[in-house]
Amino acid sequence: MKFYNQERIALFIDGANLYSAARTLGFEIDYRRLLETFRKEAHLVRAFYYTALVEDQEYSPLRPLIDWLDYNGFTMVTKPAKEYTDAMGRRKVKGNMDIELAIDVMEMAPHVDHVVLFSGDGDFRRLVDAVQRKGVRVSVVSSTKTQPPMVADELRRQADNFIELQDLMPKIMRDQAAREASRSAGLQATLKTGQQSAPPAGPAGGMEDFDEIDTADPRRHLR
């Protein structure tokens, strides 16, 4: 990673996009380690996390993650997801946070030296260009190691620096032992109460797809 110790940086995390990339690469993100990694590189001003929420569900699989992030150094930006029915009559939920992310990047640009964008969405190329013309460097975090690549070529070329998510993985991945212990604790709680316990709050998880959530089995997003 190419950072200067004294530069001010801000992280902008497209939650659904980052989760999809990490899942494709076969690992879960420890968001505490992610913050610590970038705090070691430069002066971290703010870390934003963007996700849409399905409000009519009795239990949202994203709620434990959102609550944890909100209490542990992230600025959460959420909005209600929109429900629709596809051509096959299946219920779908769509949640796109591009506008919210773009507005926040432009508002923060005068206050930072370096923007770190966790997304491979090519729609952000114009945003990156606009921020660069304000004198702000931009790094994009995504992956070219997946098939197909998760990052759009035009976004990667526009960025000042591209950070391969797979190379970042050893520094930010969730510890497997902790993951298994968390699942075991949840199972024990279920056996004791005879009820289905909610997934434990912790620094992992996210929406499955870039813009859509499959609501058939929402709990699988935190498995």
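Residues numbered from 1 in each chain as written. Predicted model: local features only at pLDDT ≥ 70, side-chain atom pairs only at ≥ 80, totals over all residues. Heavy atoms only, no water.

Right, let's talk about the nonpolar core for a bit. The biggest cluster of nonpolar side chains holds 34 residues, and the ones touching the most others in it are L11, Y31, L34, F38, F74, F118 and L165. Beyond its immediate sequence surroundings of up to four residues, F118 is in contact with L11, F12, I13, D14, L18, L34, F38 and V141. In terms of nonpolar packing, the next biggest core, distinct from the first, is built from 28 residues, A10, V54, V77 and V138 among them. (Core = buried A, V, L, I, M, F, W, Y, C linked by side-chain atoms within 4.5 Å. Buried < 20%, exposed > 50% of the residue type's maximum accessible area, 1.4 Å probe, protein only. Contact = heavy atoms within 4.5 Å.)

It is worth spelling out the pattern of salt bridges at this point. Applying the stated criterion across every chain, the model contains eight salt bridges. For R174, the salt bridge is made with E28, and the minimal N-O distance between the two is 3.3 Å. Pair noted here: R174 is in the loop between α7 (165-172) and α8 (176-193) and E28 is in the loop between α1 (15-25) and α2 (31-41), with a separation of 146 residues, a long-range link. We classify R174 as buried; its relative accessible area is 19%. Several salt bridges converge on common partners, so that one network encompasses R126, D129 and R133. (Salt bridge = Lys/Arg side-chain N within 4 Å of Asp/Glu carboxyl O. Helix = DSSP H or I, 4+ residues; strand = E, 2+ residues; numbered from the N terminus.)

With that settled, consider the confidence of the model for the protein chain. Taken over all residues, the pLDDT of the protein chain has a mean of 81, while the share at 70 or more is 72%. Per-residue pLDDT stays below 50 along residues 204-223; that stretch engages in 75 contacts with residues further than four places along the chain or on separate chains. (pLDDT = per-residue confidence, 0-100.)

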